[in-house]
2 protein chains.
Amino acid sequence: MPTTPQNMEEHLALFEQACRAAGLRVTHQRLQVYRQLALLDTHPTAEILHQELRKKIPTISLDTVYRTLATFAAHGLINKVETIESQARFEVALMRHHHLICSSCKTIMDFQWQSVDDALLPSEVSAWGRIDTRSVVVYGICHTCLQQTPLPGK
Amino acid sequence: MPTTPQNMEEHLALFEQACRAAGLRVTHQRLQVYRQLALLDTHPTAEILHQELRKKIPTISLDTVYRTLATFAAHGLINKVETIESQARFEVALMRHHHLICSSCKTIMDFQWQSVDDALLPSEVSAWGRIDTRSVVVYGICHTCLQQTPLPGK
DNA sequence: TTACTTGCAAAGCCTTTGCAGTAAA
DNA sequence: TTTACTGCAAAGGCTTTGCAAGTAA
């Protein structure tokens, strides 16, 4: 769920506000990391973000990107996306949504599914404790990959 | 979704059959790795499995556990569970189910949710490509953790 | 000025790989 | 006997951390 360049200014203003509210200093690097992540809807890895960011801030280091992402995630400003891969992926935390993952090209797409968001959870789940979030992950093969390989992997 | 010791024999027999069907050799280590995983409903990491396995096979190496789990997962005999943590967790692939994760103690519980299994996916998802699986991950704080900390983390 | 951030470099942790010996088929 | 699998050790990849310099407040 990215931000269009038009909304970016107000989006960043809100982000700055959230940072201050969380007691986080608003640095150039932090603003740019957030901005870059908000621009992308590709759920990038820290390394991909770093590559992009170096075009604007040639001296930014990969560990700053990691540290910044961890800080943002700890404050709920962004989400670390659950996957079965070794490299972590990130997204800005905005609208509630779910994920569609292509098992072949590993692309992650967002989608909304209101009926599941609203559905009552099984009673055993409610009885388990306090529920905070629910997220659906759908796996499959996207059209692009289906066309490229006649017999795509499971 | 573990196996009770009573069902274990037939479960292992089915597993052996599946291995042979997949062209995998049935070794002592593989049988024990699968057996141990089937006994646990805790979605263990490779390292935890390794610790358990050494009680029965003192010489089994951690890399064999990793390799074995990767092989099983590649053949769909077990599942690698998606989490946002760095260490991978595993489970035997049996009944369709979903996961409940405690953000505090990181325990993973299984639950079933038939209505979501049966629900029609949004049309944009069906249009995206071929869908193979869907899985719900619910995050919250379990009762045990709720009782231990008066103000548990988000 | 003070405390938080950054960049650098190094370390850490989890996982994978090459190789020679071993065992399943 | 043939070829896959295992154990060992080492390497690899992703991420985190200590420290001194830099910078937001």
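- An unreviewed UniProt entry lists chain A under the name Transcriptional repressor, from Pelotalea chapellei.
- Database annotation for chain A, UniProt heading Sequence similarities (unreviewed entry): "Belongs to the Fur family."

## What to know about the packing of aromatic side chains
Move 1: Taken as a whole, this structure holds 8 aromatic pairs over all chains when the rule is applied.
Move 2: Between Tyr34(A) and Phe72(A), the aromatic rings sit 6.1 Å apart at their centres with planes inclined by 75°, giving edge-to-face as the arrangement. Highlighted residues: Tyr34(A) in helix H2 (residues 28-39) and Phe72(A) in helix H4 (residues 62-74), separated in sequence by 38 residues.
Move 3: Seen in terms of ring centroids, Phe111(B) and Trp113(B) are 6.3 Å apart; in terms of plane orientation they differ by 45°. Their pairing is tilted.
Move 4: Judged by its relative accessible area of 2%, Phe111(B) is buried.
Move 5: Here Trp113(B) falls in the buried class, since its relative accessible area comes to 4%.
Move 6: An aromatic cluster of at least three residues, connected via ring pairs, comprises Phe15(A), Tyr34(A) and Phe72(A).

## Observations regarding the interface of chain A and chain B
Move 1: Chain A puts 40 residues into the contact, and the matching count from chain B is 40 residues.
Move 2: Contact between chain A and chain B buries roughly 3,500 Å² in total, counting both sides, with carbon and sulfur atoms accounting for 63%.
Move 3: Together, Trp113(A), Trp128(A) and Arg130(A) form the three largest contributors to the area buried by chain A at its contact with chain B, with a combined 21%.
Move 4: For the interface between chain A and chain B, the tally reads 14 residue pairs in polar contact (both at pLDDT 80 or more).
Move 5: Of all elements in the fold, only strand S1 (78-81), strand S3 (98-102), strand S4 (108-111), helix H6 (123-128), strand S5 (129-142) and helix H7 (143-148) of chain A reach the threshold of two or more residues within the side of chain A that touches chain B.
Move 6: Broken down by element, the side of chain A that touches chain B gets its largest block of residues, 14 residues, from S5(A).
Move 7: When its residues are assigned to classes, the side of chain A that touches chain B shows 25 nonpolar, 8 polar and 7 charged.
Move 8: Pairing geometry for S5(A) and strand S5 (residues 129-142) of chain B, over 13 bridges, is antiparallel. From the neighbouring strand, Ser135(A) faces S5(B), where its bridge partner is Val137(B).

## So, the protein's contact with DNA strand D
Move 1: Around DNA strand D lies a shell of 20 residues, among which Arg20(A), Tyr66(A), Gln29(B), Arg30(B) and Thr64(B) are the nearest.
Move 2: Taking the atoms of DNA strand D that fall within 4 Å of the protein, sugar and phosphate contribute 68% of them.
Move 3: Within the contact set of DNA strand D, a phosphate oxygen lies 3.1 Å away from a side-chain nitrogen or oxygen of Gln87(A).
Move 4: Interatomic distance of 2.8 Å between a side-chain N/O atom of Gln29(B) and a sugar or linking oxygen of DNA strand D.
Move 5: Among the residues making up the surface near DNA strand D, the classes are represented as 5 nonpolar, 7 polar and 8 charged.

## Regarding unusual backbone geometry
Residues and elements named next belong to chain A.
Move 1: Unlike most non-glycine residues, His-43 shows phi in positive territory, near 50°.
Move 2: On the secondary structure map, His-43 appears in the loop between H2 and helix H3 (46-53).
Move 3: Of note in the backbone geometry, Lys-106 takes a positive phi value of approximately 70° without being a glycine.
Move 4: Positionally, Lys-106 belongs in the loop between S3 and S4.

Parameters at a glance
Residues numbered from 1 in each chain as written. Chains lettered and ligands numbered in written order. Predicted model: local features only at pLDDT ≥ 70, side-chain atom pairs only at ≥ 80, totals over all residues. Heavy atoms only, no water. UniProt positions renumbered as here; feature names shortened; annotations may be inferred. Phe/Tyr/Trp six-rings, centres within 6.5 Å; stacked < 30°, edge-to-face > 60°. Helix = DSSP H or I, 4+ residues; strand = E, 2+ residues; numbered from the N terminus. Buried < 20%, exposed > 50% of the residue type's maximum accessible area, 1.4 Å probe, protein only. Contact = heavy atoms within 4.5 Å. Buried area = accessible area lost by both parts, 1.4 Å probe. Polar contact = N/O pair within 3.5 Å; in protein donor to acceptor, adjacent residues only side chain to side chain. Nonpolar A, V, L, I, M, F, W, Y, C, P; charged D, E, K, R; others polar. Pairing = 2+ DSSP bridges. Near = heavy atom within 4 Å.

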